[in-house]
Amino acid sequence: MQDHTIPSGLHVAMILDGNGRWAQSQGQRRLYGHHKGAKALKNVVLACPDLGVRYLTVYAFSSENWKRPKEEVSGLMSLMEQYLEEEIQALADQGVCLKVIGNRQRLAPSLQKLILKAEALTEGNGRLGLQVALSYGGREDIVKATQKLAMCVQNQTMRPEDITETHITQVLWTYPWPDPDLLIRLGGEQRLSNFLLWQLSYSEFVFLPRYFPDFTVQDFREALMAYSQRQRKFGALPSDTSESASMASA
Ligand code: FPP
């Protein structure tokens, strides 16, 4: 049953932060926290359609996360493979369409192959779009987009002065998915950490102190309720205070 106070068709982006600190607080190794995070993510994904969420984009591994200790990086990569192998059929059965964004060339060939297989299996599913940012950086996304447009200028299919925001949007990894309406960041930090820099320009932000493994469907619902109280103006005036509104009501 849809919760009617939350708008439907939302795109929610999430920074799944705090796995390592959660594990340390339990006297466990950081990887244990990532495994618990994967479980929390599954609950969030399954809850999305009933909460009116149409797209979910999660930051699973950033361009900068390659700098972490080898053991943590390889553990996270194995976890991604395991998740894709074990969960993809269930996700497909739930009507989830999976898309991975980021620099795939840095991923192991076995993971790249699994991603292609998972994307093909879930292609065209329309209940939830799940976008996983893996080896992703917002600046890298913009650099790659700039290179693509520069190629168009070089081969004279485009003039520099003709480049618009739409052209840039169309060459980002996230295309053709819409921009997020809401960003939720777990773990108590209040920064973007190079996530979706272009795409989050007009998104609403909710920062939560909770570590991601402790994040529940109820927390998710509350974040969506907080979003539903926000007035989005996109740089304009709220519609009920604009001149045209006051003239119409005069
Ligand atoms: C940030 O916590 C989290 C990550 C770098 C990994 C996120 C990955 C998962 C939740 C695993 C499941 C994901 C998929 C798509 C299968 P942190 O390690 O930076 O935590 P800390 O700030 O406490 O150190």
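Everything that follows concerns the structure shown earlier in this document.
The structure displayed is predicted, hence computed values, not measured ones.

(A) Seen up close, the packing of aromatic side chains. The full count for this structure, using the stated rule, is 11 aromatic pairs. Relative to W66, the ring of F61 lies with its centre 4.9 Å away and its plane at 75°, an arrangement referred to as edge-to-face. The buried category is assigned to F61, whose relative accessible area is 1%. Taken together, the aromatic side chains of Y59, Y136, W173 and F195 make up a single cluster linked through ring pairs. When the ring centre of Y55 is taken as reference, the NZ or CZ atom of R54 above it lies at 4.7 Å.

(B) Examining the pattern of salt bridges more closely. Enumeration over the complete set of coordinates arrives at 14 salt bridges. In this structure, D17 engages R21 in a salt bridge whose closest nitrogen and oxygen atoms are separated by 3.4 Å. The exposure class of D17 is buried, given its relative accessible area of 18%. The salt bridge partner of E72 is R30, with a shortest N-O separation of 2.7 Å. Note that E72 is positioned in helix α3 (residues 70-93) and R30 in helix α2 (residues 30-47), a separation of 42 residues in sequence. By relative accessible area, which is 9% here, E72 ends up buried. Here the salt bridges share partners, and the residues they tie into one network are D17, R21, R185, E189 and R191.

Conventions and cut-offs
Residues numbered from 1 in each chain as written. Predicted model: local features only at pLDDT ≥ 70, side-chain atom pairs only at ≥ 80, totals over all residues. Heavy atoms only, no water. Phe/Tyr/Trp six-rings, centres within 6.5 Å; stacked < 30°, edge-to-face > 60°. Buried < 20%, exposed > 50% of the residue type's maximum accessible area, 1.4 Å probe, protein only. Lys NZ or Arg CZ within 6 Å of the ring centre and 35° of its normal. Salt bridge = Lys/Arg side-chain N within 4 Å of Asp/Glu carboxyl O. Helix = DSSP H or I, 4+ residues; strand = E, 2+ residues; numbered from the N terminus.

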